[in-house]
Amino acid sequence: GGAGRDWVAHSWLSEVVLALFRRAFGLRGLSLFRSLGVTALLMCLTVQAFRRTTPARALLVTTLSVFATVGGWGERPQLLSFLLLVPAAQLVRSAVGGKERNLWWLVPLTFLWANLHGLWFLAPVLVLLGLVGALTEGDPSTRRRRAGRFVVVAALCTLAAALTPNGPRLLLQPTRVNGYGQFVSEWGPPDIHSVFGLAFFLMVMTFVVAYARS
């Protein structure tokens, strides 16, 4: 680690995956990793968008998503996080819609995610956001039961991250990135004066408006 601090290898499994691509295909393997990841991500985004709205709106949402996330489309572990966000969000969405058993799949998904990249904490965050939606439907007793299930799953997702080879110290890593975040360009705050920053802002606003209308 630098400056006397231990380095927590929170993306160790992604490094293994990248090393396997490198061993199998040489340096071209890293480009192949990126190509496969980006293709899969675009397919997932497009399918999800076109299944839920009109073609024009789906095209707009997909375009905004592309420009908002393209900065992370490198031969880096965060590409795997972008991919895992798709099934995680889908599981939470289906649970809010009534298929609450799907929530339990987020626990093993979080365990895998926590070994791949530091954005694993988005899984319990999504569950807690889904809790807000779950509390708007049903009678009081039903809402209490659903709320309890969402809270338990969020806690189990966090526990799953603590059971990775890095142990409980992994839970504190999201709060410690400021120490070296200044050296990572994609961790900087979005700049709405740039095309990518503006797309990110518009994507967030689109989500807020769509959620408010629903």
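Residues numbered from 1 in each chain as written. Predicted model: local features only at pLDDT ≥ 70, side-chain atom pairs only at ≥ 80, totals over all residues. Heavy atoms only, no water.

Peer 1: Describe the pattern of salt bridges, with residues and values.
Peer 2: Evaluated as defined, the whole model comprises four salt bridges. The shortest N-O distance in the salt bridge between E100 and R145 comes to 3.5 Å. Of this pair, E100 sits in the loop between α4 (78–96) and α5 (106–116) while R145 is found in helix α7 (residues 140–162), placing the two residues 45 residues apart along the sequence. The exposure class assigned to E100 is buried, which follows from its relative accessible area of 6%. The salt bridge partner of R149 is E100, with a shortest N-O separation of 3.4 Å. (Salt bridge = Lys/Arg side-chain N within 4 Å of Asp/Glu carboxyl O. Helix = DSSP H or I, 4+ residues; strand = E, 2+ residues; numbered from the N terminus. Buried < 20%, exposed > 50% of the residue type's maximum accessible area, 1.4 Å probe, protein only.)

Peer 1: Explain the packing of helix α2 (residues 28–52) against α4 residue by residue, including any values.
Peer 2: In the contact formed by α2 and α4, the axes pass within 9 Å of each other and the chain directions differ by 25°. Classified by the interaxial angle, the pair formed by α2 and α4 is roughly parallel. In this structure, the crossing between α2 and α4 has a hand that is left-handed. Contacts between α2 and α4 pair F33, R34, G37, V38, A40, L41, C44, Q48 and R52 from the former with L79, L80, F82, L83, V86, Q90 and R93 from the latter. Residue composition of the contact of α2 with α4, grouped by class: ten nonpolar, three polar and three charged. (Axes fitted to C-alpha atoms, helices over the stretch in contact; angles between N-to-C directions. Parallel < 35°, antiparallel > 145°, perpendicular 65-115°, else oblique. Left-handed = near helix turned anticlockwise from the far one by under 90°. Contact = heavy atoms within 4.5 Å. Nonpolar A, V, L, I, M, F, W, Y, C, P; charged D, E, K, R; others polar.)

Peer 1: Go over a nonpolar patch on the surface, please, and point to the residues and values.
Peer 2: Together, W104, F111, V152, L156, L159 and L163 line one region of the surface with nonpolar side chains, adding up to about 530 Å² of accessible area. Among the secondary structure elements, L159 is positioned in helix α7. Overall, L159 belongs to the partly exposed group, its relative accessible area being 46%. (Patch = residues over 30% accessible without salt bridge, like charges linked within 9 Å, V, L, I, M, F, W, Y side chains within 5 Å. Areas by Shrake-Rupley, 256 points an atom, 1.4 Å probe, with all protein chains shown as cover.)

Peer 1: Any chance you could break down α2 for me, citing the residues and the numbers?
Peer 2: A rise of 1.5 Å per residue sets the reference length of α2, with its 25 residues, at 36 Å; its end C-alpha atoms lie 37 Å apart and thus fit the reference within 8%. Looking at the packing, one finds that the buried side of α2 touches α1 (12–25), α3 (55–69) and α4. (Expected span 1.5 Å × (residues − 1).)

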